[in-house]
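Spelled out from the first residue to the last, the chains are:
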Amino acid sequence: MAATDLERFSNEEKRNLALGGHVGFDSLPDQLVSKSVTQGFSFNILCVGETGIGKSTLMNTLFNTTFETEEASHYESAVCLRPRTYDLQESNVHLKLTIVDAVGFGDQINKDESYRPIVEYIDTQFENYLQEELKIRRSLFNYHDTRIHVCLYFITPTGHSLKSLDLVTMKKLDSKVNIIPIIAKADTISKSELHKFKIKIMSELVSNGVQIYQFPTDDEAVAEINSVMNANLPFAVVGSTEEVKVGNKLVRARQYPWGVVQVENENHCDFVKLREMLIRVNMEDLREQTHTRHYELYRRCKLEEMGFKDTDPDSQPFSLQETYETKRKEFLGELQRKEEEMRQMFVNKVKETEAELKEKERELHEKFEHLKRIHQEEKRKVEEKRRELEEEMNAFNRRKVAVETLQSQSLQATSQQPLKKDKDKKN
Ligand code: GDP
């Protein structure tokens, strides 16, 4: 088909036709539901908050089960992310739930870098997904999606204001994940203080430009409840897995000497609101927002970083082949430059080593010459000493011979004298 025909065809108005009878494509939504149910769902929650603020207890309370967790110590040298995945089933729906705990958050003296491991963890999950998408043989159908769908940010119920650690961390995370701030251990703060605290938190978040997740109001079915709940943020929650008898019913609650705080009583805390919003009403929106907003942003930045664009400077569609070629050239150029740099470095190193060796050789030679001179001097001195000693020995020997001659002469002389006397007597 010629290009002009194509244009005319696509510009033609689409006609609405009335069907003569039932065809069956109205079952498409049911088909989708059935397919999704068979496939199962994954939902990943990131819990950020100081150690002991009640993260594990709240997770157990939310899903009405006991997830195996070990108590975190307050002595971690850095924040580390600990994911745990569980398979849950409700009716015929399977949910692969991953709870990621930011262990050691807020426990270090220097908290400047506390947000970094969390950001890195979120990015790694995006990167894994992107790599899967970029594969030639993709298996996104059964890929275990570990991207974080929601970050429950636990705020300490001080009644004052947000800590700078909270603001910095939320600011770093808000473009990467849906943040739902919650005031933990809300039973430790009075009702009037809690009301003021909520207002303070929200105004601080706004003045610091922190974007928290807003429950969607574009779907008529949930618009009303969601806008009411948006006005209730941050939720003040109480967690407990303990069951207490209230009236003739067993309820999850925290029992104190002065009374009982019921987790699921909306007059006591916002736990039910959180559960409704997070699980029953907006779980799919959280998953969708993660994919269409946060992951999309990561993907766009990453692809742009890699040199991909949608259009070239002349607003023409950018060819993938061209991008590949440009990147390949850039890469090869860089490789060549690096190789040359390394070669130069190697040559310089060899030259340096050679010079060092020459210097060492010269030093050794000088040392050798010096020792040789010392040795010759010593030899000359020894030789002189030997000569002197020989002369002394010769002189000594000469004196010895002279003394001996003298001795023998005087002996001779003394032995002849008595003979002469005898002769004289005889005569
Ligand atoms: P995590 O380190 O943040 O996971 O904290 P845990 O869930 O282990 O809770 C630490 C302690 O706080 C435990 O003794 C819990 O019983 C207690 N706790 C948990 N939730 C609440 C709550 O809502 N109110 C009060 N007062 N205590 C809580």
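Whatever comes next refers back to the structure up there.
These figures come from a predicted structure and were not determined experimentally.

Concerning the overall build of the chain
Tallying secondary structure elements over the chain gives 10 helices and 9 strands in all. In summary, the chain has a C-alpha radius of gyration of 48 Å against a globular reference of 22 Å for 427 residues, an excess of more than 25%. Seen through its C-alpha atoms, the chain measures out along the principal axes to roughly 195 × 85 × 45 Å. Across the 427 residues of the chain, 31% fall into the buried class. In the chain, once contacts between residues fewer than 6 apart in sequence are set aside, the share between residues at least 24 apart is 66%. About 29900 Å² of surface is accessible on the chain, with carbon and sulfur atoms providing 53% of the total. When the 64 basic and 73 acidic side-chain charges of the chain are each reduced to a single mean position, those positions are 11 Å apart.

A few points about the pattern of salt bridges
The final tally for this structure, using the stated rule, is 27 salt bridges. Of the charged contacts in the structure, one is a salt bridge between Glu127 and Lys302, with a shortest N-O distance of 3.7 Å. Note that Glu127 is positioned in helix α4 (residues 116-134) and Lys302 in helix α9 (residues 283-305), a separation of 175 residues in sequence. For Glu127, a relative accessible area of 19% puts it in the buried group. The closest approach of N and O atoms between Arg343 and Glu340, which form a salt bridge, is 3.2 Å. Separated by 3 residues within a single helix, Arg343 and Glu340 lie in helix α10 (residues 320-426), roughly one turn from each other. Taking relative accessible area as the criterion, Arg343 reaches 46% and is therefore assigned partly exposed. You can call Glu340 partly exposed: its relative accessible area is 40%. A single salt-bridge network, built from bridges that share partners, covers Lys198, Glu266, Asp270 and Lys273.

Quick word on the packing of helix α7 (residues 220-232) against helix α8 (residues 271-281)
As a packed pair, α7 and α8 sit with axes 11 Å apart at the nearest point and diverge in direction by 135°. One element, α7, and the other, α8, form an angle in the oblique class. Between α7 and α8 lies a crossing of left-handed hand. Residues Val222, Ile225, Asn226, Met229 and Asn232 of α7 lie in contact with α8, whose contacting residues are Lys273, Met277 and Val281.

A few points about the packing of α4 against helix α5 (residues 164-173)
The N-to-C vectors of α4 and α5 enclose an angle of 20°; their axes lie 10 Å apart at closest approach. Classified by the angle their axes make, α4 and α5 are roughly parallel. For α4 against α5, the interelement crossing comes out right-handed. Contacts between α4 and α5 involve Ile118, Val119 and Ile122 on the former and, on the latter, Thr169, Lys172 and Leu173. Its residues assigned to classes, the contact of α4 with α5 comprises 4 nonpolar, 1 polar and 1 charged.

Overview of the sheet that holds strand β9 (residues 259-262)
Strand-to-strand pairing in sheets goes through backbone hydrogen bonds, with the strands running parallel or antiparallel. Read from one edge to the other, the open sheet built from 3 strands follows the order β7-β8-β9, with strand pairing classed as antiparallel. Edge positions in the open sheet fall to β7 (243-246) and β9, since each of these has one partner strand only. In this sheet, neighbouring strand axes are inclined to one another by 65° on average, regardless of whether the strands run parallel or antiparallel. Strand direction decides the pairing type here: strand β8 (residues 249-256) and β9, joined by 4 bridges, are antiparallel. Paired with Arg254 across the two strands is Val261, which belongs to β9.

What about unusual backbone geometry?
It is generally the case that most residues other than glycine have a negative phi and that most peptide bonds are trans. For the bond from Leu233 to Pro234, the omega torsion is -5°, close enough to zero to count as cis. The residue Ser91 is not glycine, and still its phi comes out positive at about 50°. Here Ser91 shows up in the loop between β2 (80-90) and β3 (93-103). You will see that Lys185, though not glycine, has its phi angle at about 45°, which is positive. Residue Lys185 is classed as partly exposed on the basis of its relative accessible area of 39%.

Topic: the site of the ligand
In the neighbourhood of the ligand, 15 residues make up the surrounding shell, with Gly52, Ser56, Thr57, Asp187 and Gly239 lying closest. In this structure, Gly52 approaches the ligand through a main-chain N or O atom, which is 2.7 Å from an oxygen atom. Backbone polar atom of Gly239 to an oxygen atom of the ligand: 2.9 Å apart, as the coordinates give it. For the ligand, the accessible surface in isolation is 580 Å², of which the surrounding protein chains cover 75%. Looking at the shell around the ligand, the elements with two or more residues in it are α3 (55-63) and β8. Counting residues per element, the shell around the ligand draws most heavily on α3, at 3 residues. Considering only residue class, the shell around the ligand consists of 3 nonpolar, 7 polar and 5 charged.

A short note on the side chain of Lys198
Structurally, Lys198 can be placed in helix α6 (residues 191-207). Setting aside chain neighbours within four positions, we find Lys198 in contact with Ile183, Asn232, Pro234, Ala236 and Asp270.

Cut-offs and rules
- Residues numbered from 1 in each chain as written.
- Predicted model: local features only at pLDDT ≥ 70, side-chain atom pairs only at ≥ 80, totals over all residues.
- Heavy atoms only, no water.
- Helix = DSSP H or I, 4+ residues; strand = E, 2+ residues; numbered from the N terminus.
- Rg over C-alpha atoms; globule rule 2.2 N^0.38 Å.
- Buried < 20%, exposed > 50% of the residue type's maximum accessible area, 1.4 Å probe, protein only.
- Contact = heavy atoms within 4.5 Å.
- Areas by Shrake-Rupley, 256 points an atom, 1.4 Å probe, with all protein chains shown as cover.
- Lys, Arg positive; Asp, Glu negative; His and termini not counted.
- Charge placed at Lys NZ, Arg CZ, Asp CG, Glu CD.
- Salt bridge = Lys/Arg side-chain N within 4 Å of Asp/Glu carboxyl O.
- Axes fitted to C-alpha atoms, helices over the stretch in contact; angles between N-to-C directions.
- Parallel < 35°, antiparallel > 145°, perpendicular 65-115°, else oblique.
- Left-handed = near helix turned anticlockwise from the far one by under 90°.
- Nonpolar A, V, L, I, M, F, W, Y, C, P; charged D, E, K, R; others polar.
- Pairing = 2+ DSSP bridges.
- Near = heavy atom within 4 Å.
- Polar contact = N/O pair within 3.5 Å; in protein donor to acceptor, adjacent residues only side chain to side chain.

Shape is all these values report; function is a separate question.
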